[in-house]
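Architecture at a glance
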Amino acid sequence: MGRRTQAERDAMTVEIGYALVSGFLVAAATFAGISSPAFFLDLPVGVGHFLFGGGAVLGAAAFVIRVVHVLWRFPRSRSDLPQGAGRPIGPGPTGLDT
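This write-up is about the structure you can find in this document.

Rules and cut-offs
- Residues numbered from 1 in each chain as written.
- Predicted model: local features only at pLDDT ≥ 70, side-chain atom pairs only at ≥ 80, totals over all residues.
- Heavy atoms only, no water.
- Helix = DSSP H or I, 4+ residues; strand = E, 2+ residues; numbered from the N terminus.
- Contact = heavy atoms within 4.5 Å.
- Areas by Shrake-Rupley, 256 points an atom, 1.4 Å probe, with all protein chains shown as cover.
- Patch = residues over 30% accessible without salt bridge, like charges linked within 9 Å, V, L, I, M, F, W, Y side chains within 5 Å.
- Salt bridge = Lys/Arg side-chain N within 4 Å of Asp/Glu carboxyl O.
- Buried < 20%, exposed > 50% of the residue type's maximum accessible area, 1.4 Å probe, protein only.
- Expected span 1.5 Å × (residues − 1).
- Bend = angle between axes of the 7 residues up to and from the residue.
- Phe/Tyr/Trp six-rings, centres within 6.5 Å; stacked < 30°, edge-to-face > 60°.
- Axes fitted to C-alpha atoms, helices over the stretch in contact; angles between N-to-C directions.
- Parallel < 35°, antiparallel > 145°, perpendicular 65-115°, else oblique.
- Left-handed = near helix turned anticlockwise from the far one by under 90°.
- Nonpolar A, V, L, I, M, F, W, Y, C, P; charged D, E, K, R; others polar.

1. Here's the deal with the overall build of the chain
Helices and strands together make up the secondary structure of the chain, namely two helices and zero strands. Taking all contacts inside the chain whose residues are at least 6 apart in sequence as the whole, residues at least 24 apart take part in 64%. Just so you have it, the chain exposes about 7,600 Å², and 69% of that area is on carbon and sulfur atoms.

Right under this line is the structure:
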């Protein structure tokens, strides 16, 4: 594998950022969905702790699964991209319209 261009490095950075942010949102939603009954219902203390612990564990698992899923789909090289990907659609400020 040769050296990566700046555009490829930038694309990888954006994809990692997207994976982390979307993973955090999925984890937060999972935690909130599982632990919310402890906020709104009058449950015994042990059940509340169980819901918080279960929400934390499943939220962390959801985060890891989401990040791995997003990054696994990211193409590793230019040859992995579909035919014509990354080329401009029409004339514009690309420097290729002459």
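Let's pick the thread back up.
2. Points about the side chain of S22
On the secondary structure map, S22 appears in helix α1 (residues 6-40). Once you skip the residues sitting within four places of it in the chain, S22 turns out to touch R66 and V70.

3. Concerning a nonpolar patch on the surface
Together, F39, F40, L41, L43, V47 and F52 give the surface a local cluster of nonpolar side chains, amounting to about 610 Å² of exposed area. The class for F39 is exposed, based on a relative accessible area of 58%.

4. Describing α1
An α-helical turn contains 3.6 residues, so any two residues separated by three or four positions project in the same direction. Between its terminal C-alpha atoms α1 stretches 50 Å, which fits the 51 Å expected from 35 residues at 1.5 Å a residue. Along its length, α1 shows its largest kink, about 40 degrees, at I34, and proline P37 lies within four residues downstream of that point. Of the surrounding elements, those touching the buried residues of α1 are α2 (45-73).

5. Brief notes about the packing of aromatic side chains
Aromatic rings considered in pairs are described by the distance between their centres and by the relative angle of their planes. What the rule picks out here adds up to two aromatic pairs. A connected cluster of aromatic rings, assembled from ring pairs, spans F31, F39 and F52.

6. Comments concerning the packing of α1 against α2
Following both chains from N to C, one finds α1 and α2 inclined at 160 degrees, their axes separated by 7 Å at the closest point. By the angle between their directions, the pair α1 and α2 is classed as roughly antiparallel. For the crossing formed where α1 meets α2, the hand is right-handed. Residues belonging to the contact of α1 with α2 are distributed by class as follows: 21 nonpolar, eight polar and two charged.

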